[in-house]
Amino acid sequence: MRQSIVKRYRNNPILTRDDVPYPVATIHNAGVVKHQGRYVMLFRSHRHNGRSIIGLAESEDGYTFKVDPKPFLVPAQAGIFAEYEEFGVEDLRICALEGEYLMTYSAYSRDGVRIALARTKDFVDVERVALITQADYRNVVIFPERFGGRYARLDRPHSEIAPWSVWISYSPDLVHWGDSRVVMKPVKYHWDEMKIGPGATPIKTKDGWLHIFHGVFPTMDGSVYRLGVALHDLEDPATILGVADDWILQPEDPWEVTGYVHNVVFTCGAVPEDDGTVKIYWGGADSVMCVGTARLDELTALCLDRSRSPL
Ligand code: BMA
């Protein structure tokens, strides 16, 4: 029986490269928020040189998106950002916080991958703020609230010693981060045993901060990327109340199983709705954008009732 906690939208994929009015090879791994009643999606696309840029699409209903005629964010041309964005910008997350939108994305260069922070109020004027990690980090999601006056983020440093895990860090000013510690690790011979990483910006629920993350399992046919859920304490996000033992989504549709990188579902954004559901957006096979819905209370229950150890 097919697992159905996430209900796929019947008209998936919702965006393909054919919907993009400039030359790209893919469209995937998008951050999404609701801004002034409309859904704004910032997606990643590979250019035909193999390096990535970020495009913008908008929607009234969260399902039918129209892509802007021009890319939203391309590698900077001058200064420190140009130096570290030389190989492209990838996998942007959006966090609505205190009247503005914070955007974190992977900046690739000959010196590795680090995370850049930019801000906007209207998705027109964008200000790059700072590079907020050294190499090699990916997948930074900022919590949409402060804790004891400090900003908090989840991230995923690379390691040669330990399986790649989810860490938390804090900052007084969004630029300088510290007080870091690991909060969640892959589990041996489990769907996420190879590595895990933050996915969508955490969503506040009555039970805790719901975090939709990705986990990777190595097979003889390459890696399989799936999505899972964890619940963080509302006041102390370093405390995980539960991590669902089962994945919530795995590659099944043809455009998730086959594409630029096969067997991938990868999320950078999810939008909670007033009716208790959440729209989860994911890239299929690093090629197309898909959406599905789930009930927030079912996802939090999965974390609390069928939890595996976070560490
Ligand atoms: C990860 C990142 C993601 C990508 C995934 C599957 O390492 O590069 O952007 O979706 O691999 O290729």
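Now for a look at the structure at hand. Quantities reported herein were computed from a predicted structural model and do not represent experimental measurements.

What follows is about the nonpolar core. Most often, soluble globular proteins have nonpolar side chains that are buried together. Core analysis: the biggest nonpolar cluster contains 24 residues, and Ile-212, Val-229, Ile-248 and Ile-280 have the highest contact counts within it. Top element by residues in this core is helix 3 (residues 296-305). It accounts for four residues. When sequence neighbours within four positions are dropped, the list of residues in contact with Ile-280 reads Val-6, Ile-212, Leu-227, Ile-248, Thr-267, Gly-269, Ala-270, Cys-290, Val-291, Gly-292 and Ala-294. Membership of the second largest hydrophobic core comes to 22 residues, among which are Val-33, Val-40, Leu-92 and Tyr-101.

Turning our eyes to something else, we now look at the site of the ligand. Taken together, the residues surrounding the ligand are Asn-29, Arg-44, Asp-91, Arg-138, Lys-195, Tyr-225, Val-261, Val-264, Phe-266 and Asp-286. Between the ligand and Tyr-225, the relevant distance is 3.0 Å, taken from an oxygen atom to a side-chain nitrogen or oxygen of the residue. At 2.6 Å, a side-chain N or O of Asp-286 approaches an oxygen atom of the ligand. Starting from 310 Å² of accessible surface for the ligand in isolation, the protein chains cover 83%. Assessed atom by atom at 2 Å from the grid points, the ligand resides in the second largest pocket. In terms of residue class, the shell around the ligand is built from four nonpolar, one polar and five charged.

Strand order in the open sheet formed by four strands is 1-21-20-19, and the pairing between neighbours is antiparallel. The sheet terminates laterally at strand 1 (7-8) and strand 19 (265-272), the two strands that pair on one side only. Bridge analysis of strand 1 against strand 21 (residues 288-295) gives two bridges, and the strand direction is antiparallel. Opposite Arg-8, over in strand 21, you have Gly-292 as the bridge partner. Each of strand 19, strand 20 (277-284) and strand 21 touches helix 3; the most contacted strand, strand 21, lies at about 80° to it.

Here the focus is the packing of aromatic side chains. One pass over the structure, following the stated rule, counts eleven aromatic pairs. Judged by centre distance (5.6 Å) and plane angle (90°), the ring pair of Phe-143 and Phe-147 falls under edge-to-face. Note on accessibility: Phe-143 and Phe-147 belong to one class, buried. Taken together, the ring pairs in this structure connect Phe-72, Tyr-101 and Phe-123 into an aromatic cluster. Just above the ring of Tyr-170 sits the side chain of Arg-150; from NZ or CZ to the centre is 4.3 Å.

Estimated volume of the largest pocket: approximately 300 Å³. For the lining of the largest pocket, the secondary structure elements donating two or more residues are strand 2 (28-35), strand 6 (88-97), strand 15 (203-205) and strand 19. If you tally residues by element for the lining of the largest pocket, the top one is strand 19, at five residues. Classifying every residue of the lining of the largest pocket gives 14 nonpolar, two polar and two charged. Considering only enclosed or pocket space, the second largest pocket measures out at about 250 Å³ in volume. Asp-91, Arg-138, Lys-195, Tyr-225 and Phe-266 are, among the 17 residues lining the second largest pocket, the residues nearest its centre. For the lining of the second largest pocket, the secondary structure elements donating two or more residues are strand 6 and strand 10 (137-142). Its residues assigned to classes, the lining of the second largest pocket shows six nonpolar, four polar and seven charged.

All chains considered together, the criterion is met by 21 salt bridges. Among the ionic pairs, Lys-204 bridges to Glu-145, the shortest N-O distance being 2.7 Å. Of this pair, Lys-204 sits in strand 15 while Glu-145 sits in the loop between strand 10 and strand 11 (151-157), placing them 59 residues apart in sequence. Of the residues examined, Glu-145 reaches a relative accessible area of 29% and is grouped as partly exposed. With a shortest N-O distance of 3.3 Å, Asp-207 and Lys-206 are connected by a salt bridge. In this structure, a network of salt bridges that share partners links the residues Arg-44, Glu-90, Asp-91 and Arg-138.

A separate point is the environment of Leu-231. Of note, Leu-231 is situated in strand 17 (residues 222-232). Remark: the alpha-carbon pair of Leu-231 and His-28, spanning 203 residues in sequence, is separated by 25 Å. What Leu-231 contacts, discounting residues up to four positions off in sequence, is Thr-205, Asp-207, Gly-208, Trp-209, Leu-210, Thr-239, Ile-240, Leu-241, Gly-242, Thr-300, Cys-303 and Leu-304.

Turning to unusual backbone geometry, a few remarks are in order. Residues Asn-12 and Pro-13 are joined by a peptide bond in cis, for which omega reads -5°. Relative to the helices and strands, Pro-13 is located in the loop between strand 1 and strand 2. Here Ala-135 and Asp-136 are connected by a cis peptide whose omega angle stands at 0°. Here Asp-136 shows up in the loop between strand 9 (126-131) and strand 10. A positive phi angle is found at Asn-139, which is not glycine, with a value near 60°. Mapped onto the elements, Asn-139 comes out in strand 10. One non-glycine residue with positive phi stands out, namely Ala-285, at about 50°. Judged by its relative accessible area of 0%, Ala-285 falls in the buried class.

Definitions and cut-offs
Residues numbered from 1 in each chain as written. Predicted model: local features only at pLDDT ≥ 70, side-chain atom pairs only at ≥ 80, totals over all residues. Heavy atoms only, no water. Core = buried A, V, L, I, M, F, W, Y, C linked by side-chain atoms within 4.5 Å. Buried < 20%, exposed > 50% of the residue type's maximum accessible area, 1.4 Å probe, protein only. Helix = DSSP H or I, 4+ residues; strand = E, 2+ residues; numbered from the N terminus. Contact = heavy atoms within 4.5 Å. Near = heavy atom within 4 Å. Polar contact = N/O pair within 3.5 Å; in protein donor to acceptor, adjacent residues only side chain to side chain. Areas by Shrake-Rupley, 256 points an atom, 1.4 Å probe, with all protein chains shown as cover. 1 Å grid on protein atoms, 1.4 Å probe; cavity = no way out; pocket = protein on both sides within 12 Å on 5 of 7 lines; lining within 4 Å. Sits in = over half its atoms within 2 Å of the grid points. Nonpolar A, V, L, I, M, F, W, Y, C, P; charged D, E, K, R; others polar. Pairing = 2+ DSSP bridges. Axes fitted to C-alpha atoms, helices over the stretch in contact; angles between N-to-C directions. Phe/Tyr/Trp six-rings, centres within 6.5 Å; stacked < 30°, edge-to-face > 60°. Lys NZ or Arg CZ within 6 Å of the ring centre and 35° of its normal. Points joined across faces, edges and corners; volume = space filled by probe spheres on them. Salt bridge = Lys/Arg side-chain N within 4 Å of Asp/Glu carboxyl O.

Geometric descriptors of this kind do not, in isolation, establish any biological role.
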